[in-house]
Amino acid sequence: MKNTFSLIFLFFGILTFSACQKEKISLGTNIQDLFYLDNQGAKMPILVEGNMASGIIVLWIHGGPGGTAIGFQNDADITAFLEPKYTVAYWDQRAAGVSQGNTSQLGVSLYAEDLKKVIILLKSRYGADKKVFLLSHSWGGLIAPAFLTEGSNQGMVQGWINVAGAHNYIKNDSLTRDYLIQYGKEQVAKNINIARWQDIVDYAEAHVPDYTFKTSSGLNLCASTAEGLISDINPGGSITDIFQSKTAFSFFAAASNSGATYFSGLNDRIMYAEYSSKLSLIKLPLLCITGKYDFTVPRGLADEVMQKAASVKKKLVILPHSGHICMSQEPTTFYEAVIKFVEENK
Amino acid sequence: MKKILYFCLIMLHFSIISEAQNALKMTKNDTIIAIKSPILTKQSLLFSTNSLGGQIGVGKLLKQRETHRFTKSGQERIKTKSRALYATLGYYYQPDFQHNWSLAAEYAMSRVNRKGLYSEFAPFLGVSRTFLTATSYSVSDNGVVTKDNLAGNWYVTGGFSTGLGKHFETPKWGSLETVSAKFVLQTFYPNFKFIAIKPYFQVQTTWELPKFETNAQKMIKFKS
């Protein structure tokens, strides 16, 4: 019995010793660092992978709200295409992915503040000379302009890669509805999946965007269903990707955080969020990428960013065989465009 | 933190069922006796696909019901139900996520059938402190970066464990009483004003320490 207790205490002793946090700062060509930003109650993980010797950090601002960069975006494609050339920083936002802690009310300005501090932290750890490019997807496309249109924040980053960015939620819903009706009617006329397209068209016609999350999520669901009916979209980017084993990822933590975001009321509040009126403040190099069949965040939003942003260098890339998760559906074209943009603006 | 501790103490108080308040149904043919029960201890190994840890606990038997049933052939069959209260200290390590320590009160409801099959359902409630596995930084509003020491979070933790195992008859000093495999669902609050869940498995052993005895209540029931 004495031996049993000794073994138990030894076991706990080893575990306690191992509990010490170890700071690891790597600067090589194939690094993998994990650290946290603690801001206003949230401990947000930042997983940094790739080639730090390049001096370039591509900071991924994931979708959602309540998604994950560490668990979803950090896939085989980005590892193969982007990480050998640059460093990629996968930041899990508050109440998302594997972030931990508690927080006051979630709001876009709080996420923008987090983003600013993530950039300061990256430059503090790896050197102020490191060039940061923002790569935002979907809901991340609301956080990015919230950050970029504030004060002198644009001076902190080298460029913005806006992938299917939702910078104006109510306009997003209107465009989704219009696209569903227009494309759906075309499919019905062509006798393709008539019953299912007709259901989508009927639903969209009956639900006019009204600043409520209920209508918005209903249209969003139709958008996902619509993408599932189009055979021209390349496979990839399934939600089941998050079940794959990933570094520093926990499925149950991510699921709990998704629940936290869902029940926080954030989805209702962001219905009124829009940065259309502030896009003219954006002057840094800009790349907009969108999928031809993206019903969730239709191309019209990218067109508006292209039209209103004051950037001298700006480019729009439409991926012809993609929906909303275009980085996984056409990874070669997607990452070629990203690399070209970074090389031209680094 | 104080509030959490007070909350846990109050909940612990409610979890202790008075011995006069008999939740195990009694009839006029039943006998209740006061018994001396040894202090109980438990040691467990916790594991899931991405975490590993352990748990130790010390407990007290609150009450026990022994049902004696006689078959037509005159054979006696005994079934035992027990209620015990444990204080447990648990730890698990989830690489690249957190170290998690928890201190909890566990109300173990167990039964043993005539073949020694042991089953248990045990709700628990307590406090948990997590420690991040990697360096954590704070950035002030004017951009000053500082490293945080012992970064992590306090949570109220609760949940349940349930499982099956083997009960060994007449344990002696230091001897093993049960071995069981259990499923545990642990929850943490507040996780961004919501609940975080952590399922894992547990291999549990319970032991008796007869040198240290406490009072308990035993009800003996005879059924024909």
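Residues numbered from 1 in each chain as written. Chains lettered and ligands numbered in written order. Predicted model: local features only at pLDDT ≥ 70, side-chain atom pairs only at ≥ 80, totals over all residues. Heavy atoms only, no water.

Caption draft 1: A look at the overall build of chain A. Of the regular secondary structure elements, chain A holds 13 helices and nine strands. For 346 residues, the compact-globule formula gives about 20 Å, and the C-alpha radius of gyration of chain A, at 21 Å, lands near that figure. Each of the three principal axes of chain A carries a C-alpha extent, and together these read 80 × 55 × 35 Å. Residues classed as buried in chain A amount to 60% of the 346 residues present. In the form shown here, chain A has an accessible surface area of approximately 13,400 Å², with 56% of it arising from carbon and sulfur atoms. Put simply, chain A has 30 plus and 31 minus side-chain charges, and the middle of one group is 6 Å from the middle of the other. (Helix = DSSP H or I, 4+ residues; strand = E, 2+ residues; numbered from the N terminus. Rg over C-alpha atoms; globule rule 2.2 N^0.38 Å. Buried < 20%, exposed > 50% of the residue type's maximum accessible area, 1.4 Å probe, protein only. Areas by Shrake-Rupley, 256 points an atom, 1.4 Å probe, with all protein chains shown as cover. Lys, Arg positive; Asp, Glu negative; His and termini not counted. Charge placed at Lys NZ, Arg CZ, Asp CG, Glu CD.)

Caption draft 2: Molecular detail of a positive patch on the surface. All names here are of chain B. Among the surface-exposed residues, R69, K79, R111 and K223 lie close enough to one another that they form a single positively charged patch. Within the secondary structure, K79 sits in strand β3 (residues 76–94). What makes K79 partly exposed here is its relative accessible area of 43%. (Patch = residues over 30% accessible without salt bridge, like charges linked within 9 Å, V, L, I, M, F, W, Y side chains within 5 Å. Salt bridge = Lys/Arg side-chain N within 4 Å of Asp/Glu carboxyl O.)

Caption draft 3: Seen up close, the side chain of K42(B). All names here are of chain B. If you trace the backbone, K42 turns up in strand β1 (residues 31–48). Separated by 3.1 Å, the side chains of K42 and Q204 make a polar contact. Beyond its immediate chain neighbours, meaning those up to four positions away, K42 contacts Q55, I56, G57, Y86, T88, E106, E120, K182, Q204, T205 and T206. (Polar contact = N/O pair within 3.5 Å; in protein donor to acceptor, adjacent residues only side chain to side chain. Contact = heavy atoms within 4.5 Å.)

Caption draft 4: View of the nonpolar core. Residues and elements named next belong to chain A. I46, L59, L122 and L134 are the most contacted members of the largest nonpolar core, which has 59 residues in total. At nine residues, the largest contribution of residues to this core is made by helix α4 (residues 108–126). Once residues within four sequence positions are removed from consideration, L59 is found in contact with A89, W91, L115, V118, I119, L122, V132, F133, L134 and L135. Within the second largest apolar cluster, 41 residues are counted, among which are Y86, F133, A254 and V338. (Core = buried A, V, L, I, M, F, W, Y, C linked by side-chain atoms within 4.5 Å.)

Caption draft 5: A look at the pairing of strand β9 (residues 314–319) of chain A. Residues and elements named next belong to chain A. Bridge count for strand β8 (residues 286–291) against β9 is six bridges, and the pairing is parallel. Residue pairing for β9: I289 is matched across the bridge by V317. Read from β8 through helix α11 (residues 299–308) to β9, the crossover connection turns out right-handed. (Pairing = 2+ DSSP bridges. Right-handed = clockwise from strand over helix to strand, strands pointing away.)

Caption draft 6: Spatial organisation of the confidence of the model for chain B. Residues and elements named next belong to chain B. Residue-level pLDDT values for chain B average 85, and 84% of them are 70 or greater. Of the regions scoring below 50 in pLDDT, residues 14–24 engages in 20 contacts with residues more than four places distant in sequence or in other chains. Scoring the predicted complex yields pTM 0.87 and, for the interface, ipTM 0.89. (pLDDT = per-residue confidence, 0-100.)

Caption draft 7: Focus on the environment of H321(A). All names here are of chain A. Its location among the elements puts H321 in the loop between β9 and α12 (326–329). Judged by relative accessible area, H321 falls into the partly exposed class, the value being 30%. The spatial distance from the C-alpha of H321 to the C-alpha of G291 is 7.0 Å, given a sequence separation of 30 residues. Residues in contact with H321, not counting those within four places in the same chain, are D232, I233, N234, Q329 and E330.

Caption draft 8: Representation of the packing of aromatic side chains. Taken as a whole and assessed by the stated rule, the structure comprises 24 aromatic pairs over all chains. Relative to F252(A), the ring of F251(A) lies with its centre 5.4 Å away and its plane at 75°, an arrangement referred to as edge-to-face. In this structure F252(A) comes out as partly exposed when scored by relative accessible area, which is 35%. Arranged with centres 4.9 Å apart and planes meeting at 85°, the rings of F334(A) and Y335(A) form a pair that is edge-to-face. Across the pair, Y335(A) and F334(A) agree in class, each one buried. Site record: aromatic cluster; members linked through ring pairs are Y179(A), Y183(A), W197(A), Y293(A) and F295(A). When the ring centre of Y86(B) is taken as reference, the NZ or CZ atom of K42(B) above it lies at 4.4 Å. (Phe/Tyr/Trp six-rings, centres within 6.5 Å; stacked < 30°, edge-to-face > 60°. Lys NZ or Arg CZ within 6 Å of the ring centre and 35° of its normal.)

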